[in-house]
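These are the residues of each chain, in order.
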Amino acid sequence: MRFAPFAFENSTGLDSDAQLYLNAVTTAGGTYTSNQSQAVNQLFIDLKSNNLYTKIQALYPFVGGTAASNKFNAKNPVDTDAAYRITFSGGWTYNASGVTANGTNCIGNTHLVSTVDLLDYNKHYAFFNRQTSPNSTGWDGIWDSAGTGGVFGCNLQTGGQLSLGLNFLSGTLGTIPNYNGTFIGSVTGTTNNKFYKDGSTFYTRTPSVSAFNHSLNFYIGSMNVNGTTQYYNNNKYGFYAIGTGISTTEASIYNTIITNYITTSGR
Amino acid sequence: MIKGIKLTEEQKDLLTNQLFAENSYFNPIQDINDDWFITDIEQNNTINPNFIWVKDLEITDIELKPVIPIG
């Protein structure tokens, strides 16, 4: 992991993009502590200095404690769907640790579209979950069509199991010791795509994967199944990001950066 | 079993795609009997004056539709 010798700072001493994001949070009525703003600042600096920032299309640090403040894509904190703000529906709760889905009717529509924004063989999602007791049937993401259609999302099952779809549902992939931590799914080609838990390779999917045929918005808190919302989860998100594919080395660094952000922001 | 607020078909139509607070939309869904409901979180946090009436609706036990795991 690299540390930037120089950062583009403004008069407040913060990275200019971090400051833009925090300004948007404040304008939307969100509040945060000095520690949290410093954590956001360091998140931006670390992502940039490790060349991960350019691989992220939508970055959600979840700051401010309200729906209005948590909606912003920190890379482009503009209050429009085109800027990938999250539209929240259902019974979400918000606090200083992020956003929590209720497992019943929560949708977080990122407005990233499967056939436009998410390249078929070059994409990733990364999130930090604080939920230790997932509801088993909940998913994030998109499923092209019931059956064998492409999938890009994650399911945390009870009983120590984890099922991560990248482009094809493949059942339970393995057992993890806990659900609190960083989950990353990365598609870098038609074959050998990877899932990571806390920065380490959890599963490598060797069979080739299919392209998405339907234009579907990527959801968090539930899954967009060819236009119908299903599989509501009860995840507690401290961080979420979506972008282009990343390598195993980058996944490890990414996990360190995300974990640092979670720790220093007091989550 | 969860706590929720049952809705008539007409109430469901009134709430669907409507804001209960800033950047927060109602999302009525159906329970095991196909009755529509919203969660107590949506009810408690409703500040949109057009829908304050949801606060007068009774909170009841809701049995969710079973979800068949995929994968």
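What counts as what
Residues numbered from 1 in each chain as written. Chains lettered and ligands numbered in written order. Predicted model: local features only at pLDDT ≥ 70, side-chain atom pairs only at ≥ 80, totals over all residues. Heavy atoms only, no water. Helix = DSSP H or I, 4+ residues; strand = E, 2+ residues; numbered from the N terminus. Buried < 20%, exposed > 50% of the residue type's maximum accessible area, 1.4 Å probe, protein only. Contact = heavy atoms within 4.5 Å. Phe/Tyr/Trp six-rings, centres within 6.5 Å; stacked < 30°, edge-to-face > 60°. Lys NZ or Arg CZ within 6 Å of the ring centre and 35° of its normal. Core = buried A, V, L, I, M, F, W, Y, C linked by side-chain atoms within 4.5 Å. Pairing = 2+ DSSP bridges.

Draft legend 1. Up close: the environment of Ile 5 of chain B. All names here are of chain B. Mapped onto the elements of the fold, Ile 5 is located in strand E1 (residues 2–7). For Ile 5, a relative accessible area of 0% translates into the label buried. In this structure, the C-alpha to C-alpha distance between Ile 5 and Asp 56, residues 51 residues apart in sequence, is 9.9 Å. Discounting chain neighbours no more than four positions away, the residues touching Ile 5 are Trp 36, Phe 37, Ile 38, Thr 39, Asp 40, Gln 43, Leu 57, Glu 58 and Ile 59.

Draft legend 2. Local environment of the packing of aromatic side chains. Residue and element names in this part refer to chain A. With the rule as written, the count across this model stands at 19 aromatic pairs over all chains. Taken together, the ring pairs connect Phe 88, Trp 92, Tyr 94, Tyr 125, Phe 127, Phe 152, Phe 183, Phe 218, Tyr 237 and Tyr 240 into an aromatic cluster. Its guanidinium or amino end placed over the ring of Phe 152, Lys 123 lies 4.9 Å from that ring's centre, counting from NZ or CZ. Residue placement shows Lys 197 over the ring face of Phe 183; its charged tip is 5.3 Å from the ring centre.

Draft legend 3. Examining the nonpolar core more closely. Trp 92, Tyr 125, Phe 152, Phe 218 and Tyr 240 of chain A are the most contacted members of the largest nonpolar core, which has 36 residues in total. Every element with two or more residues in this core is listed here: strand E1 (56–60), strand E6 (123–129), strand E8 (151–157), strand E9 (161–165), strand E11 (181–187), strand E14 (217–220) and strand E17 (236–243) of chain A.

Draft legend 4. Focus on the pairing of E8 of chain A. Residue and element names in this part refer to chain A. Most of E8 sits inside the fold, with seven of its seven residues counted as buried. Burial along E8 is two-sided: the residues Val 151, Gly 153, Asn 155 and Gln 157 and Phe 152, Cys 154 and Leu 156 are all buried. Direction of pairing for strand E7 (residues 141–143) relative to E8: antiparallel, over a ladder of two bridges. Bridged to Trp 143 within E8 is Val 151. Hairpin geometry of E8 and E9 is characterised by an intervening segment of three residues between the two adjacent antiparallel strands and by a positive phi of about 85° at Gly 159.

Note that all results are geometric; they support no functional claim without further evidence.
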